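# Overview (structure and organization)
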Amino acid sequence: MKRIILFLMLALILLSACEIKEPALPVWDLDLNIPLINERYYVSDLADSVNLIVDENDLMYMLTEGELDTPEVGEINIYPNLELFDAPVLSGIEFSQTSPFMADEQGLHLRYGLVESGSISARFAGVDPATEILSLSILEIHQPSGEALVIEYAGSEEWIHIDLAGYYFGALESAQDLSELTLEVTATSSHPDFTPIAEMSLVMLEPVSFSVFQGDFENYEILAGESVASIEIEYPHGIDEAVQVSEAFLEIEIVNELGFECEFIGFMRGIRGDLTRMVPILDDDGEHFRIEAGSADEPGYSNLLIHDGLQILMQMMPETIEIIDARFIIDSQSGSGMMRKEDTIRADYTVRVPFRLTVFEYPITIQDATEIEVDEDNRDLIDKNLMGAGLIMQAQNMIPLGGTAYAYFGTSSDIDVDDPQSFSFVKSLTLHSSQTSSDWQEPVSLELSKTELNLFTLPRVYLKWSFVLEPSDGEVEIYAGPDDFIGLKSMLHAKIRVEDI
Amino acid sequence: MKKLIIFAAIVCCFASLGALSTARSIFFADSYMLRASGIEANYWNPAKLSRSSPKEIWVPLSDFGIFVANNSMNLDTYNFVVSRDTLQTADKERILRDMDGALRISGGGNMSLFGFSWGNQAISSSMNAYAKGAISEKFLRLALYGNLEDEYIFYESNNNASSIAFTDITYGMGDILIPWIPEDLPQVKAGFSASFLAGLYNVSTQDYEGYFTSDLDSGASFHQQINARVGLGGFGFKSMLGVHSEITDYLEAGITLDNIFGMISWQMHNELFGFYATADSVYAANVDEDIVDYDDFSEEIDSFSSSLAPELRMAVMYKHRYGSLSMDWVQGFRESSVTNATGRLSFGASVLPTPMIPLSLGVSLGSSRVPLKVSYGIGLRIKHTEFGMALQSFDSIIPGSSSKGVAFATSMRIGF
């Protein structure tokens, strides 16, 4: 019996020795490798059809366009200086005389014109009662029908004011300047011929405005309005030092409705921040461009291509480009022509900067730090579960531009890449240009330690990018064809702490 | 998906029930062919149904056996894991070191419903349920280490599940003397049993394939496809032939062939469930897109049969006044829900320190597919009634924290 009890006790001891602990899940770390991306980023995707364009040969270029125009030229004024007082009128005698009517030094010569406004005044005084007919005709001033201006005595000796609006001066397409008016006086009376029967006065001193003017100018200036063309590109700091553009072009297409050839004077000005640079618009000989005159049927078209100085202007990477102090001058070289008051001069201009560059090793910094908001859930995950992270990247660069990108992470937007105190940590990644290799480059790894990851437990993190370009071997051209891309493959590596499942 | 979860739950549920020939065999770690007598001989060797044996009845549910086991985790490891704050690499390796490709879990149970034996005949009924499943070690490595490798391929051999439950009504007859054996040689008796099987359910993985890859060039891809067949309500048959001989007063030997014509045909409701999910070349950058293609289906299918693979058993037993020693060799002819194709050897010992208190010990040697099993049992025998209980340890000599599984059995025999 004792043996039985001993056996039973032994069995109970064995069984009771089995301690089964309460289920509880421990914490452990595991490594996740998550393919992140495998894409080709084509240069052509950068083209926005506004400022970045691809030409027919797939060459990228920067383009900006603007417009320039003058206001309507308006009326052309002349300033007459015609004064004739108390000239005797003889009965039975028809006489004709010419009289200068233009004041000197007006800088223009009228040959033909349609009066928009103006007047002429005449008076017949001391008229003999026996007078039968008394009238004055001015042959160069006529109605649309061609009938000359006639001023008749109608029994009153008061001044007669004639509104000249609608009257024409001179003959269309006349080859002669109109500087004198021909006055013809007709007088009849019952008195014998040559008997003075009246005194005639004629005055034209007020300006006469022409809505149509034909003639020539010695120097007539038409100012253009302001024109500003913006370039929607945010240039990083230092880009003008790191990249040198090889050439730039300004093309101006001018539509001139005036019947005068003009000289075009203006300046191209680029502005970036406080920096301003200005170049005159001149032809290859350093002369001002002259633009074609319009005709009665169609405007004159001029296409101006400017090379000189534009490269210097565009090298500053302007944010705005404008043509300033633009004006069109009709001068003695313009010859005779016609203009209407509604005539204008319009210009469309285009600045083209081909991506034909020389690249230097110079730091380029994006000016503003990017704010990254980290939501609470992700902050908790990073804090509790993310022990480390890394990025394995492999790139294939088919573009002759390479360099190293630096990402500066900090707790404030005031990140100064030269001041290590202003940021928490920096990570860099180098991408060699296609001049070095167009094959897949060796994979590179970016690792973030737990300490670095803890930065992302803050609600806001700031990131500032800086780049140092790989110096090019001479001039490089950036094309945007189907073979111009950067291939990028990357794998996200994360060490995850598993807990609280 | 919901159906799959239900399916998995059913498998896990029945994995905790028992499924053995009879509960009492647990007392001897399956070295039981020559120890079974009376009603139990119906299942172990009907040749041992003897006219000289007393009548015996089974009290319903009095014989009850249950086991659950796995191939890698023991209680020590479990306690170690749940007591750790953080699992280090060595700890993870400790969890994985015995998996040998997969975590395999099996469970089963058996219980008597009724039984009666008289002379050389017996009729009995029992209920059996058995389940096993496996999940690839690679899944667990993924969970513990993450995807350190570029490619993970999963095969059906390491990712599967099956379960079956059925009841039997068995009639057996034994003590049939085989003629023409010279009188100076030990006589050999034969017996047979036939079982009508009523199937409750059968669930089994039909097809499985899966992979998970991730690399820089192709991104992440995964594919999982599983088809499972479910049968509810069926009937079937199995039979057993056995021979037995008392070679000397101390030595017995026997051979049985079980599961002859063994099958269950599932008739009432049969369905095929399937689920697949696939994603190809996925990158986190485009994860917003509709990247996973998945679907599930279920369709009724024609009736099908679950075959019970034949199993050959040979045993010898040495008897002594104070006890006995036995040795059984069992060889299944192929894998099925209730059989293993890998042969196994088991030993049993019975000791009678007093006529009232039988003690038992059993050892079933392990193999590549079957763990070592060691049983300890104790009984109380009063006149014609015997009650006993036993505990079996898997992969450990002593039941305890090193065990990878445990079985428990109770048994009651009433003779008159």
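Below: a short report on this structure. Worth saying up front: this structure is predicted, and the values here are computed from it rather than measured.

Here we come to the packing of helix 3 (residues 75-83) of chain B against helix 4 (residues 89-96) of chain B. Residues and elements named next belong to chain B. Viewed as axis vectors pointing N to C, helix 3 and helix 4 meet at an angle of 150°, and their least axial separation amounts to 10 Å. The orientation of helix 3 relative to helix 4 falls into the category roughly antiparallel. Like other packed secondary-structure pairs, helix 3 and helix 4 cross with a definite hand, here left-handed. Where helix 3 abuts helix 4, its residues Asp76, Thr77, Phe80 and Val81 lie against Asp91, Arg94 and Ile95.

Our focus in this paragraph is the packing of helix 4 of chain B against helix 5 (residues 137-145) of chain B. All names here are of chain B. Running from N to C, helix 4 and helix 5 cross one another at 165°; their axes reach a closest spacing of 11 Å. With respect to helix 5, the axis of helix 4 lies roughly antiparallel. Note on packing geometry: the crossing formed by helix 4 with helix 5 is right-handed. Within the contact between the two elements, helix 4 uses Thr89, Lys92, Glu93, Ile95 and Leu96 and helix 5 uses Glu137, Leu140, Arg141, Leu144 and Tyr145. Residues of the contact of helix 4 with helix 5, tallied by class, amount to five nonpolar, one polar and four charged.

Here we come to the nonpolar core. Nonpolar side chains in soluble globular proteins tend to be buried together. Formed by 92 residues in total, the largest nonpolar core has its most connected members in Leu164, Phe169, Leu202, Ile252, Phe264 and Met268 of chain A. Residues contacting isoleucine 252 of chain A, with those up to four places away along its chain left out, are Phe264, Ile281, Ser302, Asn303, Leu304, Ile306, Ile323, Ala347, Asp348 and Tyr349 of chain A.

By a frequent convention, interface size equals the accessible area lost on bringing the separate parts together. Every contact between the two is made by 39 residues of chain B and, on the other side, 32 residues of chain A. The contact between chain B and chain A buries some 2800 Å² in all, and 66% of this surface belongs to carbon and sulfur atoms. Our count for the chain B to chain A interface comes out at one salt bridge. For lysine 489 of chain A, the salt bridge identified is with aspartate 217 of chain B, shortest N-O distance 2.2 Å. Taken together, the connections running from chain B to chain A amount to 16 residue pairs in polar contact (both at pLDDT 80 or more). Going through the elements one at a time, helix 3, strand 3 (86-87), helix 5, strand 8 (188-215), strand 9 (219-246), strand 15 (344-354), strand 16 (357-364) and strand 17 (373-382) of chain B are the ones with two or more residues in the side of chain B that touches chain A. Grouping the amino acids of the side of chain B that touches chain A by side-chain chemistry returns 23 nonpolar, 11 polar and five charged.

Parameters at a glance
Residues numbered from 1 in each chain as written. Chains lettered and ligands numbered in written order. Predicted model: local features only at pLDDT ≥ 70, side-chain atom pairs only at ≥ 80, totals over all residues. Heavy atoms only, no water. Axes fitted to C-alpha atoms, helices over the stretch in contact; angles between N-to-C directions. Helix = DSSP H or I, 4+ residues; strand = E, 2+ residues; numbered from the N terminus. Parallel < 35°, antiparallel > 145°, perpendicular 65-115°, else oblique. Left-handed = near helix turned anticlockwise from the far one by under 90°. Contact = heavy atoms within 4.5 Å. Nonpolar A, V, L, I, M, F, W, Y, C, P; charged D, E, K, R; others polar. Core = buried A, V, L, I, M, F, W, Y, C linked by side-chain atoms within 4.5 Å. Buried < 20%, exposed > 50% of the residue type's maximum accessible area, 1.4 Å probe, protein only. Buried area = accessible area lost by both parts, 1.4 Å probe. Salt bridge = Lys/Arg side-chain N within 4 Å of Asp/Glu carboxyl O. Polar contact = N/O pair within 3.5 Å; in protein donor to acceptor, adjacent residues only side chain to side chain.

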